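Residues per chain are reported as follows:
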Amino acid sequence: MQIYTKEKLIDKLKELSALGWVENGRFGNHGGIGNSLEDYLGIKENNLPIPNAAEWELKAQRAGSASLTTLFHCEPSPRAIKFVPQVFLPLYGWKHQEAGTKYLDSEMSFRQTISGNTFSDRGFKVVVDRKNEKVIITFEADKVGSKHSEWLDRIRQSVGLKELNPQPYWGFSDLSNKAGTKLLNCFYVQAETKKENGKEFYWYNKIYMLKGFKFDGFLNAIDEGNLFVDFDARTGHNHGTKFRLKQNHLSSLYAEVVTILG
């Protein structure tokens with residue numbers, strides 16, 4: 001494995017940008033922008049081979065994409081009861097769209113990308129409780145959209161239309177430690193994309209070095225609806241709870257942004 005200093009890593013990223021359009025998979029991987037970048041750098045699964053590597057994260061995303069950037073995975077408390085598979089899925093879940101085909105007919109799903117500035121169509125919202133230093137998931141039945149009336153009737157008959165009890169939450173201290181460890185400093189790379197003759201090509205033409213993670217910025221991004229909590233569970237598997245960010249908002253989480261290219 002190649003060992004980089006931060007300066008050599010920046011030079012390597014500039015070299016990649018100077019190549020212009022490169023084909024997806026030309027570096028031996030068909031996993032897309034992030035995986036092709038890692039292959040070019042000769043690294044695996046975001047293990048940056050630089051001094052103090054644990055303090056640096058590598059994020060890559062296609063420019064102009066509406067997709068969200070996954071910051072990290074973190075299950076909510078109280079963890080002892082395994083809230084997502086033991087509460088959300090059996091009590092608030094719904095029939096999986098592939099139940100009876102790909103999965104058993106009894107397969108249930110709980111997939112929700114939940115914002116802090118508006119309720120989801122199933123009545124869930126993220127709340128930053130600064131007084132009690134918690135990020136909480138709340139439920140309000142009157143915020144549920146009419147297309148989910150049958151689901152709401154089932155909730156009424158099973159657990160009632162009250163607030164979640166207990167409410168899933170993340171304590172500020174736990175969340176700050178998780179986010180700060182994972183995101184203390186970050187290289188953020190964006191790529192233009194195009195398709196020709198059925199093949200996809202990337203041009204890695206924007207590179208930023210983000211330094212000094214700010215937990216207040218993280219909380220503000222939740223309040224502003226730019227950072228989401230994403231639940232993705234089904235009966236057969238919990239894919240994990242993720243904190244995910246809108247494109248072009250990563251810099252709001254850091255004290256210093258250095259533009260390398262772009």
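A brief structural summary. The structure presented is a predicted model; accordingly, all values stated were derived computationally and were not measured.

1. Remarks on the overall build of the chain
- Each helix and strand counted, the chain has 6 helices and 14 strands in total.
- Its C-alpha atoms put the chain at 60 × 45 × 30 Å along the principal axes.
- The 262 residues of the chain split such that 48% are buried.
- Sequence-distant contacts in the chain: of pairs separated by 6 or more residues, those separated by 24 or more amount to 66%.
- Accessible surface for the chain amounts to roughly 13200 Å². Of this, 45% is attributable to carbon and sulfur atoms.

2. Description of the state of the cysteines
- Taken as a whole, this structure holds 0 disulfides when the rule is applied.
- Free cysteine: cysteine 74, not disulfide-bonded; nearest cysteine sulfur from cysteine 186 at 18 Å.
- By relative accessible area, cysteine 74 is classed as buried at 8%.

3. So, the packing of aromatic side chains
- This model, assessed by the stated rule, comprises 25 aromatic pairs.
- Taking the centre distance of 5.7 Å and the plane angle of 65° together, the rings of tyrosine 92 and phenylalanine 139 count as edge-to-face. Of this pair, tyrosine 92 sits in helix α3 (residues 83-92) while phenylalanine 139 is found in strand β7 (residues 134-144), placing the two residues 47 residues apart along the sequence.
- Three or more aromatic residues joined by ring pairs make a cluster, and in this case those are Phe83, Phe88, Tyr92, Trp94, Phe110, Phe124, Phe139, Trp151 and Phe231.

4. A closer look at the environment of arginine 154
- By the element assignment, arginine 154 lies in helix α4 (residues 149-158).
- A residue is classified by how much of its surface remains accessible, and arginine 154, at 32% relative accessible area, is partly exposed.
- Separated by 20 residues in the primary sequence, arginine 154 and aspartate 174 place their C-alpha atoms 34 Å from one another.
- Once you skip the residues sitting within four places of it in the chain, arginine 154 turns out to touch Pro90, Leu91, Tyr92, Gly93, Trp94 and Met108.

5. Considerations on the pairing of strand β9 (residues 185-196)
- Where strand β2 (residues 56-62) meets β9, 7 bridges bridge the pair, whose relative direction is parallel. From the neighbouring strand, leucine 58 faces β9, where its bridge partner is phenylalanine 187.
- Between β9 and strand β10 (residues 199-213), which pair antiparallel in sequence order, lie 2 residues; one of them, asparagine 197, sits at a positive phi of approximately 55°.

6. Description of the pattern of salt bridges
- Evaluation of the coordinates by the stated rule reveals 11 salt bridges.
- With a shortest N-O distance of 2.5 Å, arginine 156 and aspartate 153 are connected by a salt bridge. Placement of the pair is arginine 156 and aspartate 153 together in helix α4, with a separation of 3 residues, close to one helical turn.
- Across the pair aspartate 230 and arginine 244 runs a salt bridge, and its minimum N-O distance is 3.4 Å. You can see aspartate 230 sitting in strand β11 (residues 227-234) and its partner arginine 244 sitting in strand β13 (residues 242-245), a full 14 residues away along the chain. Like aspartate 230, the residue arginine 244 is buried in the burial classification.
- A network of salt bridges, in which partner residues are shared, links Glu57, Lys59 and Lys182.

Definitions and limits used
Residues numbered from 1 in each chain as written. Predicted model: local features only at pLDDT ≥ 70, side-chain atom pairs only at ≥ 80, totals over all residues. Heavy atoms only, no water. Helix = DSSP H or I, 4+ residues; strand = E, 2+ residues; numbered from the N terminus. Buried < 20%, exposed > 50% of the residue type's maximum accessible area, 1.4 Å probe, protein only. Contact = heavy atoms within 4.5 Å. Areas by Shrake-Rupley, 256 points an atom, 1.4 Å probe, with all protein chains shown as cover. Disulfide = S-S within 2.5 Å. Phe/Tyr/Trp six-rings, centres within 6.5 Å; stacked < 30°, edge-to-face > 60°. Pairing = 2+ DSSP bridges. Salt bridge = Lys/Arg side-chain N within 4 Å of Asp/Glu carboxyl O.

Just distances and angles here, no functional claims.
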